[in-house]
Amino acid sequence: MSKTVELQIEKSRNLLEGLHKHLNGNGSGVTNNEVAEMEQNLKELEAANAEVDRLRDELSPKVKHMNDVWTRVKEAYADKKKTLKGFYPQERWADYGIPDKR
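Residue numbers restart at each chain and count upward from 1, following the sequence in its written direction. Note on the predicted model: pLDDT of at least 70 is required for a residue's local features to be given, and 80 or more for side-chain atom pairs to be given and counted; whole-chain, interface and lining totals, by contrast, use all residues. Working from all heavy atoms in the structure, the side-chain values ignore hydrogens and water.

1. Some details on the overall build of the protein chain
By definition, any uninterrupted DSSP run of H or I lasting at least four residues is a helix, any uninterrupted run of E lasting at least two residues is a strand, and each is numbered from the N terminus. Looking only at helices and strands, the protein chain has three helices and zero strands in total. Scanning the protein chain from its N terminus toward the C terminus, one meets helices and strands in the order α-α-α. In terms of overall size, the protein chain is more extended than a compact globule, its C-alpha atoms giving a radius of gyration of 29 Å where 102 residues would be expected to give roughly 13 Å. Dimensions of the protein chain, computed from C-alpha atoms along their principal axes, come out at roughly 85 × 25 × 15 Å. Any two residues having at least one pair of non-hydrogen atoms within 4.5 Å are treated as being in contact. Contacts in the protein chain between residues far apart in sequence, at least 24 positions, make up 36% of those at least 6 positions apart. Per element, the accessible surface of the protein chain, about 8,400 Å² overall, is 57% carbon and sulfur. Charge separation in the protein chain, taken as the distance between the mean sites of 18 positive and 18 negative side-chain charges, equals 12 Å. Atoms considered for the radius of gyration are the C-alpha atoms alone. The globule rule reads 2.2 Å times the number of residues to the power 0.38. Areas reported as accessible are Shrake-Rupley estimates using a 1.4 Å probe. Residue values count occlusion only from the protein chains shown. Positive charges come from Lys and Arg alone, negative charges from Asp and Glu alone, with His and the N- and C-terminal ends not counted. All charge positions are set by atom: Lys at NZ, Arg at CZ, Asp at CG, Glu at CD.

Take a look at the structure:
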């Protein structure tokens, strides 16, 4: 859970708890309908946050795997580029997709 979202959920719960204890409908400026709407929005936020946490848990290992593969591809590219640049003259580098011009 994101710290920002977690903090907002906790603050909202505390506010709603206080509203339930002290809201008596006589001039507080907050209606029962507004409280009910806030409760519904809070439930939606909690559900959405739980879904995001679940997706984040699924995504993290996949991102790590992708980064590992990306590192291997990047290293292979640099190695092959270095080999080709040492083997061929600069004029032929473009034939192999090497854009460097030194």
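Okay, back to it.
2. Re the packing of helix α1 (residues 3-22) against helix α2 (residues 32-87)
Closest axis-to-axis distance for the α1/α2 pair is 11 Å, and the angle between their directions is 155°. When the axes of α1 and α2 are compared, the pair comes out roughly antiparallel. For the crossing formed where α1 meets α2, the hand is left-handed. Each of V5, I9, S12, R13, L15, L16, L19 and H20 in α1 lies in contact with α2, whose residues at this interface are V35, M38, E39, L42, L45, E46 and N49. When grouped by side-chain class, the residues that make up the contact of α1 with α2 number nine nonpolar, three polar and three charged. Only the contacting stretch of a helix is used when fitting its axis, a line to C-alpha atoms as for every element, and angles between N-to-C directions run 0 to 180 degrees. Oblique is the label for every angle not falling under 35 degrees (roughly parallel), over 145 degrees (roughly antiparallel), or within 65 to 115 degrees (roughly perpendicular). Crossing handedness is read from the near helix: turned anticlockwise from the far helix by less than a right angle, it gives a left-handed crossing, and turned clockwise, a right-handed one. Residue classes follow a fixed rule: Ala, Val, Leu, Ile, Met, Phe, Trp, Tyr, Cys and Pro count as nonpolar, while Asp, Glu, Lys and Arg count as charged, and any other residue, Gly among them, counts as polar.

3. Observations concerning the pattern of salt bridges
For this document, the term salt bridge refers to a Lys or Arg side-chain nitrogen within 4 Å of an Asp or Glu carboxyl oxygen. The tally for this structure, following the rule as stated, stands at ten salt bridges. For E17, the salt bridge goes to K21, with nearest N and O atoms at 3.5 Å. Here E17 and its partner K21 are both found in helix α1, four residues apart, which amounts to about one turn of the helix. A salt bridge links D79 to K80; its shortest N-O distance comes to 3.2 Å. By relative accessible area, which is 40% here, D79 ends up partly exposed. Throughout, exposure labels follow a simple rule: accessible area from a 1.4 Å probe, protein chains only, divided by the maximum for the residue type, with under 20% read as buried, over 50% as exposed, and the rest as partly exposed.

4. Points about the packing of aromatic side chains
Classification of ring pairs uses Phe, Tyr and Trp, with its six-membered ring standing for Trp, and accepts pairs whose centres are within 6.5 Å; under 30 degrees between planes counts as stacked, over 60 as edge-to-face, and the remaining range as tilted. Tallied over the full model, the rule gives two aromatic pairs. Ring geometry for F87 against Y88: centres 4.9 Å apart, planes inclined by 85°, an arrangement best described as edge-to-face. Taken together, the ring pairs in this structure connect F87, Y88 and Y96 into an aromatic cluster.

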